[in-house]
Amino acid sequence: MHESILKERQLTTCTTPITLQDIQTLKELYHLKAETRELREPIVRNIIKQRVVGRACVESLKNALYSLETIYIDDDTGHRLLRLDGLKQIEVDLTYEIRELQKDIYYLEYGEDKFIDYLAKFMPEFRAHVNKGVGMLKGKHFKAFITDRDGTTNNYCGRYRSSIQPIYNSVFLSRFAKNCCTYPIIITSAPLKDFGILNVSINPSNTFVYAGSKGREFIDLNGEFNSFPIEEHKQKQIHLLNDHLRVMLQDPDFEKFNFIGSALQIKFGQTTVARQDISSSIHDDESSAFLEKVKSIVKEIDPEGHCFRIEDTGLDIEIILTIDAGSDGQAIKDFDKGDGLAFISRELGMDDSEGPVLVCGDTPGDIPMLKKAMEMYGDVWTIFVTRDEALKKEVQAICPKSFTVPYPDILLTILGLLSL
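We now turn to the structure provided with this report. Throughout this document, residue positions are counted from 1 along each chain, in the order its sequence is written. In view of the model being predicted, local features appear only for residues whose pLDDT reaches at least 70, and side-chain atom pairs are presented and counted only at 80 or more, with totals across whole chains, interfaces and linings using the full set of residues. In computing side-chain properties, one takes all heavy atoms of the structure into account and sets aside hydrogens as well as water.

Focus: the state of the cysteines
In plain terms, the rule: Throughout, a disulfide means two cysteine sulfur atoms within 2.5 Å of one another. Only protein chains enter the accessibility calculation, which uses a 1.4 Å probe. A residue is then buried if its area is under 20% of the maximum for its type, exposed if over 50%, and partly exposed in between.
Within this structure, the stated rule accounts for 0 disulfides. Here Cys399 stays free of any disulfide, with the sulfur of Cys360 as its closest cysteine sulfur at 11 Å. When its relative accessible area of 0% is taken as the criterion, Cys399 is described as buried.

Structure follows, in structure tokens:
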């Protein structure tokens, strides 16, 4: 008994320290980011269990930060460059990776109160937004917390594979999930795994329901996998599409699209391929030409448009399998996050409307999720992360109990303070 207690209290956050590294290739960057995930995950567990995090953990994070900050910068363009292979190079914007490591180090060194003061320095009207959000939601225990990830609870990153969740982010979110809601659900357009949300998240196990592919697939709080049924014919069509896209992305003219933004993501009932990233690494003409090329492949496979819908976000081309839109089975529509929420709600037995529900998003793609929540539940609250005036008005028109904030870290701080 005594030994088991000692083992439970033992710190295991830095069993494999991160050393200083000379990062010259994209592969080496992703390897370092994977190392930071392996380090961050147990740190979060220890913080939540109110354990002290050892100094060696902070030093490892500083080594990772310095390794990123010293990546070669081209004298002429001012951009960091990494090799794809022996010959080809690509410009990389490491703002997300560097900034989030800086925040984590500050959070661990100075504690939560000073960390919030630190965040407030960089965002206009930070405290006014936080105070309003906390005041609006204080004292509520939510039946469900339904949220998007990227741009909502996580800052945007130039490459999805690099968007490892920060420590402070996970602590605030996980604490809110444990203390303030019954069903905490993250619904994202990314796949679940290989490479998806499970590969970039560091929240403790059994804390969130993770839903990928807009909710077509999800893992519940017990770790059980669930998926929305897909017709055999449509499954064959999307496999054929994915094969065509893989071949196209091996072409030297198009291979750069493998290394920006979302890259190629094979999801459940949906495929996403990036045509641009948040740093505008691709020339507009080239990006538009790539979009037309993808559209031509889809048209070739599905000339009548019965199987696929294309959604162009400006950054990503999302190719989505259709579903029946009506009881007669004649009308078809693309699968959206509203359909995903309805499926998840049904599978988890959340259909009754007792208790408040909180919905969070940041783009028009999250609007169907909010609309579906308004249909299914009687007491819906929402916080959207946006500076888009048109989207703010749309959110307000759909949900009277709404509030918008300009940055994900403001939403995170609201959730973190509500859960204390």
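Regarding the pattern of salt bridges
Our working definition: The term salt bridge refers to a side-chain nitrogen of Lys or Arg lying within 4 Å of a carboxyl oxygen of Asp or Glu. Starting at the N terminus, helices and strands are each numbered in turn, a helix being any DSSP run of H or I of at least four residues and a strand any DSSP run of E of at least two.
Scanning the model with the defined rule gives 26 salt bridges in all. Arg55 is the salt-bridge partner of Glu59, the closest N and O atoms lying 3.1 Å from each other. Pair noted here: Glu59 and Arg55 are both in helix 3 (residues 55–69), with a separation of 4 residues, about one helical turn. Here Glu59 falls in the partly exposed class, since its relative accessible area comes to 34%. Residue Glu375 is joined to Lys372 by a salt bridge in which the shortest nitrogen-to-oxygen separation is 3.2 Å. Placement of the pair is Glu375 and Lys372 together in helix 12 (residues 367–376), with a separation of 3 residues, close to one helical turn. Judged by its relative accessible area of 21%, Lys372 is partly exposed.

Observations concerning the nonpolar core
Heads up, the rule is: We define the nonpolar core as a collection of buried residues of types Ala, Val, Leu, Ile, Met, Phe, Trp, Tyr and Cys that are connected through side-chain atoms lying within 4.5 Å of one another. For each domain, the first and last residues come from an automatic or database assignment. Residue contacts are counted whenever heavy atoms from the two residues lie within 4.5 Å of one another.
The biggest cluster of nonpolar side chains holds 93 residues, and the ones touching the most others in it are Ile167 and Leu358. Each of domain 1 (1–122) and domain 2 (232–321) accounts for three or more of the residues forming this core. Ignoring anything within four residues of it in the chain, the contact list for Leu358 reads Leu137, Phe142, Ala144, Phe145, Ile146, Phe176, Trp381, Thr382, Ile383 and Leu415. Judged by nonpolar contacts, the second largest core, of 31 residues, contains Phe335, Phe343, Tyr377 and Val380.

Looking at the packing of helix 6 (residues 126–137) against helix 14 (residues 408–418)
Two numbers describe a pair of packed helices, the interaxial angle and the distance between the axes. Here is the rule: Axis definition: a line fitted to C-alpha atoms, limited for helices to the stretch in contact. Angles are taken between N-to-C directions and run from 0 to 180 degrees. Angles are sorted into four bins: roughly parallel if under 35 degrees, roughly antiparallel if over 145, roughly perpendicular if 65 to 115, and oblique for all others. The hand of a helix crossing depends on one turn: near helix anticlockwise from the far one by less than a right angle means left-handed, and clockwise means right-handed. In this classification, Asp, Glu, Lys and Arg are treated as charged, Ala, Val, Leu, Ile, Met, Phe, Trp, Tyr, Cys and Pro as nonpolar, and every other residue, Gly included, as polar.
One can describe the packing of helix 6 onto helix 14 by two numbers: an axis separation of 9 Å at closest approach and a directional angle of 45°. One way to sum up the angle between helix 6 and helix 14 is to call them oblique. Note on packing geometry: the crossing formed by helix 6 with helix 14 is right-handed. Contacts from Phe126, His129, Val130, Gly133, Val134 and Leu137 in helix 6 reach Asp409, Ile410, Thr413, Ile414, Leu417 and Leu418 in helix 14. Here the contact of helix 6 with helix 14 is composed, by residue class, of 8 nonpolar, 3 polar and 1 charged.

Some thoughts on the pairing of strand 3 (residues 142–147)
To keep things clear, this is the line we draw: By the convention used here, strands pair only if DSSP detects at least 2 bridges between them. Orient the strands so they point away from the viewer, and a crossover whose first-strand-to-second-strand path over the helix runs clockwise is right-handed.
The element strand 3 is extensively covered by neighbouring structure, given that 6 of its 6 residues are classed as buried. Here strand 3 pairs with strand 4 (residues 181–187) via 5 bridges, running parallel. In the strand pairing of strand 4, Phe142 is matched with Cys181. The parallel pair strand 3 and strand 4 is bridged by helix 7 (residues 167–180), and the resulting crossover is right-handed. Alignment of strand 3 against strand 13 (residues 357–361), held across 4 bridges, turns out to be parallel.

So, unusual backbone geometry
Following Asp194, the chain continues into Phe195 via a peptide bond in cis, with omega recorded as 10°. Residue position: Phe195 is located in the loop between strand 4 and helix 8 (197–200). Of note, Asp194 is a non-glycine position whose phi angle comes to about 55°, a positive value. Note on placement: Asp194 falls in the loop between strand 4 and helix 8. With relative accessibility at 69%, the residue Asp194 sits in the exposed group.

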